[in-house]
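What follows is the residue order along each chain.
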Amino acid sequence: MSGLKPPEKDGLEAVHIHRAPWIFSGIGPAVADGAVVVANGRILASGPFRHLKTFYGGASVRVWDHEGAALVPGAVNAHTHLDFSLLCPPKPLKPPGFFRWVSGMFEAKKQLTPSRRREAQDVGRAHAWQAGTLCLANVINPPLDRVLKVSGLPHEYQFVELLGFHCRHLQEVFSGEEVAHTAFVSLAAHSLYATSWNLVVQAKAWCRSRGLPFSIHVAEHLPEVHFVRHGTGACRLLLESLGRWDATWRPLGASSVRTLQVLGVLDSRTLMVHMVHVNDEDWDRVARSGAAVCFCPRSNLWIQGRMPNIEAALKRGIPCGLGTDSRASNEDLNLFREAATVLEAEPSIDPAAVLRMATLGGARALGLASSIGHLGPGASTPFLAVSIGGSFSVESDLAEAIIHQAAQERLAWVGTGTAD
Ligand SMILES: [Zn+2]
């Protein structure tokens, strides 16, 4: 049981005890016949109902029974691009390969007027919320005026993404003024093939000096891996065709991960997205650096038909979250379907670890774990009641049921009102 701190009562504050057959708090073992105690939009404690009822019981306490449900933290989607939420990839999903996909993306971007971007972002947020997402990290491209919005979901992180392999200085692509007074905004570099390495280093320094997370797509596909190591191949042809090639640039002859390490970019506030083509040596480098990883398995399966090696990261204790990436490469923004895909493709991974990736893992990767991603003391409401039915004797079976039921949106938000 965690918590057992008396509420700071001012005589008016109502205490609510939410009881359910199971509590999956994310920070300890699942608890049968458990409860989550809430006051004033904050969780005071979670644990066995009988203990919490004794400790917090009283005339002013209201008990809510969530029969047939598990209480679970809301999902944290650690990587998406809401601008593309109005796109609809063709079904059935078939890997188009990276360059056919990127050509389609250029076409899609041309249609993105400011009003269309705002509409797409609102639609994406609404879908994510309906699918049990409490927090998302939204990657957004300049120009930001008229599209930057930070009051979407209860928690939202905006990563302003920098593009330009031909650019040398941060000021060429980002003034900083647009985000100077906005909370939960940080920088991302697109990748080592679409953003110049000068920009990558400067953007990371900008984030580091402010204590903010930095995000970058890494080792997503083989053309990237080849380009970063050798400076040739399809990525170079693409840059030349776009007029963004820098003839003075030279590769280091190393992998994407090793290159980021040499550039001084890897530390505990760097979030590496995708990580599909990574060998053991590079996984060891990531583990030593403390950097976090966001896996987007459905996007990887759709674009290139390949899963990242999630087990390699988990067994090294690397902080891992999950992301849907955008609807340019995914059917929807339901993070629990991302988790269900991991269960299906990697049955040897403990479902409880997958559920933690979808919640606490993403919160840790974004530096928000003090208030979201778990049901421990200090976490904020709301959280989820996922209909599970049936009975469970081990945590992994429970976690698997939670993921599958939440993936089908058999869930309800708890604690969205001011009363509870
Ligand atoms: Zn992305």
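Definitions and limits used
- Residues numbered from 1 in each chain as written.
- Predicted model: local features only at pLDDT ≥ 70, side-chain atom pairs only at ≥ 80, totals over all residues.
- Heavy atoms only, no water.
- Helix = DSSP H or I, 4+ residues; strand = E, 2+ residues; numbered from the N terminus.
- Rg over C-alpha atoms; globule rule 2.2 N^0.38 Å.
- Buried < 20%, exposed > 50% of the residue type's maximum accessible area, 1.4 Å probe, protein only.
- Contact = heavy atoms within 4.5 Å.
- Donors = N, O, S within 2.8 Å, 3.2 Å for Na, K, Ca; no water.
- Pairing = 2+ DSSP bridges.
- pLDDT = per-residue confidence, 0-100.
- Domains from an automatic or database assignment.
- Buried area = accessible area lost by both parts, 1.4 Å probe.
- Salt bridge = Lys/Arg side-chain N within 4 Å of Asp/Glu carboxyl O.
- Polar contact = N/O pair within 3.5 Å; in protein donor to acceptor, adjacent residues only side chain to side chain.
- Nonpolar A, V, L, I, M, F, W, Y, C, P; charged D, E, K, R; others polar.

## Considerations on the overall build of the protein chain
Next up, step 1: Along its length, the protein chain carries 14 helices and 15 strands.
Next up, step 2: For a compact globule of 420 residues, the expected C-alpha radius of gyration is about 22 Å, and the protein chain comes in at 22 Å, within 12% of that figure.
Next up, step 3: Its C-alpha atoms put the protein chain at 75 × 45 × 40 Å along the principal axes.
Next up, step 4: The burial tally for the protein chain puts 56% of its 420 residues in the buried class.
Next up, step 5: Contacts in the protein chain between residues far apart in sequence, at least 24 positions, make up 73% of those at least 6 positions apart.

## Describing the coordination of the zinc ion
Next up, step 1: Within the first shell, the zinc ion binds the protein through His79 (NE2), His81 (NE2), His217 (NE2) and Asp325 (OD), at distances of 2.1 to 2.7 Å.
Next up, step 2: In primary-sequence terms, the residues that donate to the zinc ion follow H-x1-H-x135-H-x107-D. Here His81 is found in the loop between strand E6 (75-80) and helix H2 (98-110), whereas its partner His217 is found in strand E10 (residues 214-218), with 136 residues between them in sequence.

## Quick notes on the pairing of strand E7 (residues 133-140)
Next up, step 1: Among the eight residues in E7, eight count as buried, and that is most of the element.
Next up, step 2: Bridge analysis of E6 against E7 gives four bridges, and the strand direction is parallel. Residue pairing for E7: Asn77 is matched across the bridge by Leu136.
Next up, step 3: When E7 meets strand E8 (residues 155-162), the two strands line up parallel, connected through six bridges. Its bridge partner lying in E8, Ala137 is registered against Tyr157.

## Some words on the environment of Gln171
Next up, step 1: Turning to its location among the elements, Gln171 is positioned in helix H4 (residues 170-173).
Next up, step 2: In sequence terms Gln171 and Leu199 are 28 residues apart; their C-alpha atoms lie 9.4 Å from each other.

## Here we look at the confidence of the model for the protein chain
Next up, step 1: When pLDDT is averaged across the protein chain, the result is 90; 90% of the residues are at 70 or more.
Next up, step 2: Counted against residues more than four places away or in other chains, residues 7-12, with its pLDDT under 50, gives seven contacts.

## Description of the pairing of strand E3 (residues 42-48)
Next up, step 1: Judged by how many residues are buried, E3 sits mostly within the fold: six of seven residues are covered.
Next up, step 2: Direction of pairing for strand E2 (residues 31-39) relative to E3: antiparallel, over a ladder of six bridges. The partner of Ala39 across the bridge, within E3, is Arg42.
Next up, step 3: The antiparallel pairing of E2 with E3 creates a hairpin that spans two residues between the two strands, and Asn40 there sits at a positive phi of about 55°.

## Remarks on the domain arrangement of the protein chain
How big an interface is tends to be reported as the loss of accessible area on association of its parts.
Next up, step 1: Entries for the protein chain in the domain assignment read domain 1 (15-73 + 374-414) and domain 2 (75-365).
Next up, step 2: The straight-line distance from the C-alpha centre of domain 1 to that of domain 2 is 32 Å.
Next up, step 3: Each partner contributes residues to the interface: domain 1 has 22 residues there, and domain 2 has 22 residues.
Next up, step 4: For the pair domain 1 and domain 2, the two sides together bury roughly 1,900 Å², of which 68% comes from carbon and sulfur.
Next up, step 5: Run the count over domain 1 and domain 2 and you get one salt bridge.
Next up, step 6: Across the pair Arg356 and Glu395 runs a salt bridge, and its minimum N-O distance is 3.6 Å.
Next up, step 7: Inspection of the domain 1/domain 2 interface yields six residue pairs in polar contact (both at pLDDT 80 or more).
Next up, step 8: Those elements giving two or more residues to the side of domain 1 that touches domain 2 turn out to be helix H14 (395-407) and strand E15 (411-414).
Next up, step 9: It is H14 that provides the largest number of residues to the side of domain 1 that touches domain 2, a total of nine residues.
Next up, step 10: For the side of domain 1 that touches domain 2, the per-class residue count stands at 13 nonpolar, six polar and three charged.

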